Amino acid sequence: MTRTTDTPKTDAPGNAEKDPDDWTTGDEEMTGAQASYLKTLCEEAGETFDPDMTKAEASKRIDTLQQKTGRGA
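Right, let's walk through the structure included here. (Residues numbered from 1 in each chain as written. Predicted model: local features only at pLDDT ≥ 70, side-chain atom pairs only at ≥ 80, totals over all residues. Heavy atoms only, no water.)

**A look at the overall build of the protein chain**
Along the backbone of the protein chain there are three helices and zero strands. Mapped in sequence order, the helices and strands of the protein chain form the string α-α-α. Here the contacts in the protein chain between residues at least 6 apart in sequence split such that 55% fall between residues at least 24 apart. On the protein chain, roughly 5500 Å² of surface is accessible, and the fraction owed to carbon and sulfur atoms is 47%. (Helix = DSSP H or I, 4+ residues; strand = E, 2+ residues; numbered from the N terminus. Contact = heavy atoms within 4.5 Å. Areas by Shrake-Rupley, 256 points an atom, 1.4 Å probe, with all protein chains shown as cover.)

**Thoughts on a negative patch on the surface**
On the surface, Glu17, Asp19, Asp22 and Asp63 cluster together into a negatively charged patch. Mapped onto the elements, aspartate 19 comes out in the loop between helix H1 (8-11) and helix H2 (32-45). Aspartate 19 gets classed as partly exposed once you look at its relative accessible area, which sits at 40%. (Patch = residues over 30% accessible without salt bridge, like charges linked within 9 Å, V, L, I, M, F, W, Y side chains within 5 Å. Salt bridge = Lys/Arg side-chain N within 4 Å of Asp/Glu carboxyl O. Lys, Arg positive; Asp, Glu negative; His and termini not counted. Charge placed at Lys NZ, Arg CZ, Asp CG, Glu CD. Buried < 20%, exposed > 50% of the residue type's maximum accessible area, 1.4 Å probe, protein only.)

Take a look at the structure:
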């Protein structure tokens, strides 16, 4: 039986949300997708975009700006 879900990566067993500070790759350069989305959020929030953030820093900043802009889930 195949299970369908709207959010397969987060709904799958064992894919609990993990604190960005605990990511093994959190100190790496943010991904292109993170940079693109973060730049959009910064523009909407009237804040400065920092292109030198790590993956973990970008993730936290995205969470903060989603709340500020109303894009948060």
